[in-house]
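Architecture and fold: a report
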Amino acid sequence: MIREINHDPLFLNQPSEPATAEDLPVARDLLETLAAHREECVGMAANMIGVRKNIIVVNMGIINMAMLNPVILDKKRPFDTEEGCLFLPGIRPARRYEEITVEYQDMTMAVHRQTFTGWTAQIIQHEIDHLHGILI
C-alpha cells in the first residue's frame, strides 16, 4: 500500500525501534511508496511513512531493496556533499563515506553483511540517519 509521506519533524527526530518479522508489511508498504515517488526519491526510511521501525528501502538502479535493522559496521573515505530529502525542501550539506559495510536483514529476515560504494552507499547512509532521528 502506498502511504502518505510524514512531514512532522517532531516525529522524524525520534529514533526508530528494531524491526521484527511482524513489521514485514511495513517494509512492503515502504517499497511501494518508494516506487510511487521514484521521480523525486531514491530511498526512504519507515519513519517517513509514520512508522518508527528500523527499516529502509534503497533504489539500487533496476531494483528497490528493503533492509531491516541496518547497521553500518565499517566506513571508508569520507567526503562532503549536499543532499535533498523528500520531506524537507532544499539541499543541505552532509558528510558521507565512499564505502560502507552494512549488516542488515532481508525480507526473509536472513542476515547479510554487504559492502556498498558510491551513490548506493550515500543513499543508505542518508536513510540510516533517518532511523536515528537525524534530519539533514
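Being a predicted model, the structure only gives us computed values, none of them experimental.

Rules behind the numbers
- Residues numbered from 1 in each chain as written.
- Predicted model: local features only at pLDDT ≥ 70, side-chain atom pairs only at ≥ 80, totals over all residues.
- Heavy atoms only, no water.
- Salt bridge = Lys/Arg side-chain N within 4 Å of Asp/Glu carboxyl O.
- Buried < 20%, exposed > 50% of the residue type's maximum accessible area, 1.4 Å probe, protein only.
- Pairing = 2+ DSSP bridges.
- Helix = DSSP H or I, 4+ residues; strand = E, 2+ residues; numbered from the N terminus.
- Axes fitted to C-alpha atoms, helices over the stretch in contact; angles between N-to-C directions.
- Contact = heavy atoms within 4.5 Å.

With that settled, consider the pattern of salt bridges. Taken as a whole and assessed by the stated rule, the structure comprises 10 salt bridges. Among the salt bridges present, the one from Lys76 reaches Asp74, with a minimum N-O distance of 3.9 Å. By relative accessible area, which is 38% here, Lys76 ends up partly exposed. With its nearest N and O atoms 3.5 Å apart, the salt bridge here joins Arg77 to Glu99.

The next subject is the sheet that holds strand β3 (residues 64-85). Pairing in this open sheet of 5 strands is antiparallel, and the strands run β1-β2-β3-β4-β5 from one edge to the other. Strands with a single pairing partner mark the edges of an open sheet, and in this sheet they are β1 (43-45) and β5 (111-117). The average undirected angle you get between the axes of adjacent strands in this sheet is 40°. In the sheet, β1 pairs with strand β2 (residues 55-59) via 3 bridges, with the strands oriented antiparallel. Looking at the pairing, Gly43 lines up with Val58 of β2. Sheet contacts for helix α2 (residues 24-36): β1, β2 and β3; angle to β2, the most-contacted strand, approximately 30°.

If you check the backbone angles, Asn69 has positive phi at about 55° while not being a glycine. Looking at the element boundaries, Asn69 is found in strand β3. Taking the relative accessible area as the measure of exposure, Asn69 reaches 18% and is therefore buried. One non-glycine residue with positive phi stands out, namely Met109, at about 70°. As for its position among the elements, Met109 is in the loop between β4 (88-105) and β5.

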